[in-house]
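Notes for the structure review
One letter stands for each residue in the lines below.
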Amino acid sequence: MSSRLFTPLRIGELELANRIAIAPMCQYSAVDGSMTDWHLMHLGTLALSGAGMLTIEATGVRPDGRITSQCVGLYSDANEAAIKRVVEFCRSISPIRIGIQLSHAGRKGSSQRPWEGRGPLEPGQGAWETVAPSALPLAAGWPTPLALALSEMESIKQSFVAAAQRSASIGLDYIELHSTHGYLLAEFLSPLANRRTDDYGGSLENRMRFPLEVFAALRKAWPAGKPLGAKITGSDFAAGGWTPDEAVVYARELKKLGCDYVTVSGGGTVLDAKIPVGPGYQVPFAEQVLKETGITTGAIGLITDAQQAEQILAGGKADFIALARAMLFNPRWPQHAAVTLGVEAAYAPQYERAAPKAWRPGRTLGKVG
Ligand SMILES: Cc1cc2nc3c(=O)[nH]c(=O)nc-3n(C[C@H](O)[C@H](O)[C@H](O)COP(=O)(O)O)c2cc1C
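Residues numbered from 1 in each chain as written. Predicted model: local features only at pLDDT ≥ 70, side-chain atom pairs only at ≥ 80, totals over all residues. Heavy atoms only, no water.

**Focus on the pairing of strand β10 (residues 261-265)**
- Counting buried residues in β10 gives five out of five residues, a clear majority hidden from the surface.
- On β10, burial covers both faces: Y261, T263 and S265 on one face and V262 and V264 on the other are all buried.
- Here strand β9 (residues 228-233) runs beside β10; their pairing, made up of five bridges, is parallel. Pairing of T233 across the sheet is with S265, part of β10.
- This β-α-β element, β9 to helix α6 (residues 244-256) to β10, shows right-handed connectivity. (Buried < 20%, exposed > 50% of the residue type's maximum accessible area, 1.4 Å probe, protein only. Helix = DSSP H or I, 4+ residues; strand = E, 2+ residues; numbered from the N terminus. Pairing = 2+ DSSP bridges. Right-handed = clockwise from strand over helix to strand, strands pointing away.)

**Here's the deal with the site of the ligand**
- In the vicinity of the ligand there are 17 residues, among which C26, Q101, K231, L302 and R325 approach most closely.
- Contacts to the ligand include C26, whose backbone N or O atom sits 2.8 Å from a nitrogen atom.
- Compared with its free state, where it exposes 600 Å², the ligand has 84% of that area covered by protein.
- Cavity membership is defined here by more than half of the atoms lying within 2 Å of grid points; on that basis the ligand lies in the largest pocket.
- A breakdown of the residues in the shell around the ligand according to their chemical character gives nine nonpolar, five polar and three charged. (Near = heavy atom within 4 Å. Polar contact = N/O pair within 3.5 Å; in protein donor to acceptor, adjacent residues only side chain to side chain. Areas by Shrake-Rupley, 256 points an atom, 1.4 Å probe, with all protein chains shown as cover. 1 Å grid on protein atoms, 1.4 Å probe; cavity = no way out; pocket = protein on both sides within 12 Å on 5 of 7 lines; lining within 4 Å. Sits in = over half its atoms within 2 Å of the grid points. Nonpolar A, V, L, I, M, F, W, Y, C, P; charged D, E, K, R; others polar.)

**A short note on empty space enclosed by the protein**
- One pass over the full model with this rule turns up three cavities of 30 Å³ or more.
- What the largest cavity holds in volume is close to 50 Å³.
- When contributions to the lining of the largest cavity are tallied by element, the ones reaching two or more residues are β3 (20-22), β4 (53-60), β10 and β12 (320-323).
- In terms of residue class, the lining of the largest cavity is made up of nine nonpolar, two polar and two charged.
- Lining the second largest cavity are A23, P24, M25, H39, H42, L43, L46, L54, T55, I56 and E57. (Points joined across faces, edges and corners; volume = space filled by probe spheres on them.)

**A short note on the pattern of salt bridges**
- Inspection of every chain in the model, using the stated rule, returns 15 salt bridges.
- Here R166 makes a salt bridge to E80, at a shortest N to O gap of 2.7 Å. Residue R166 is found in helix α3 (residues 150-170), and its partner E80 is found in helix α2 (residues 77-93); the two are separated by 86 residues along the sequence. Here R166 matches E80 in class, with each residue buried.
- With a closest N to O distance of 2.9 Å, K256 and E253 form a salt bridge. Of the two residues, K256 and E253 both sit in helix α6, three residues apart, roughly one turn of that helix.
- With a relative accessible area of 62%, K256 lands in the exposed category.
- Under the relative-accessibility criterion, E253 is labelled partly exposed at 23%. (Salt bridge = Lys/Arg side-chain N within 4 Å of Asp/Glu carboxyl O.)

**Quick notes on the packing of aromatic side chains**
- Within the structure shown, the criterion is met by seven aromatic pairs.
- Arranged with centres 4.8 Å apart and planes meeting at 45 degrees, the rings of F188 and F210 form a pair that is tilted. Taken together, the residues span a long stretch of sequence, with F188 in helix α4 (residues 184-189) and F210 in helix α5 (residues 204-221) at a distance of 22 residues.
- Taking relative accessible area as the criterion, F188 reaches 0% and is therefore assigned buried. (Phe/Tyr/Trp six-rings, centres within 6.5 Å; stacked < 30°, edge-to-face > 60°.)

In structure tokens, the structure reads:
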């Protein structure tokens, strides 16, 4: 049997064993931006899954660009060494390709961890002043961010560049620019968060300007053959917000700048969005972006089942599948999907006897173990 999900994919100079990507997932478990043993366990477990690519969680390019005080950052030598330790550990146990999502949280920074309420940090809890394209709070009860001046935007761009240089020193395989879910770059893109009256607000061309400038600066700083992708918004799911047609234009501009892939997600810009959550609810956005731009495209959003993933790819709706919650629920998802689809998946040698084909009656456990 053959499977599209388990057909190799090439992105830039990177050969991926299959079309399963593990989406970035914040763990809120860093100390001063530095990964801890939690990340060693979390990313180590996911590295053994048999997926083709593993993207490290949204990583703040500066301390005030983190979502919470416990988010991972890449702005200090200590942060760099901590990520390197975890990446080298993952590499010692798995051939999975490892990338990092670089991010600035914008007006969604200075937040509490999900299990501590998700609200804005209170004074005394280490709150910091947030920044955004415009002085518009995320929602009632949230602090009003400072509208960024041009010199501060330049400084943030340079922080992205510095983090890309650190990513190169670590030896990461790819970078993904976070430009969705209502964080800083998505705030520039969305008319719901961007009310600027200068060259960075108003028309779509103006709203895209800063994210595209950041992308172009990253492309210059990041080795040419190494993939540089972006996670983008298909829809804000809110009246007057970002639309799938705008996603197509943005993806096309990114492609012109040397973007190797996009993953098309959505939501997060405003808290009262009406998101029609259901199986594959964002796949139509990926399909539209892929068909209208030809850029290598990942689909994401409640893709949980092997046949569902296979059908999305076989139907030409995406080039790869990204999974978040299903991978946390079942870190062996790719190996289970391979069994369902009747193909072979990779296992660490220590786990080879876990593969059901090794369970055949008549097979002994061997002389040892
Ligand atoms: C625990 C958790 C942490 C997440 N952190 C990030 C993140 O760091 N960056 C990001 O782009 N999306 C993040 N997401 C969103 C997922 O990557 C994904 O876009 C979303 O969950 C939909 O995919 P799913 O249905 O497969 O979970 C997170 C999701 C979860 C469940």
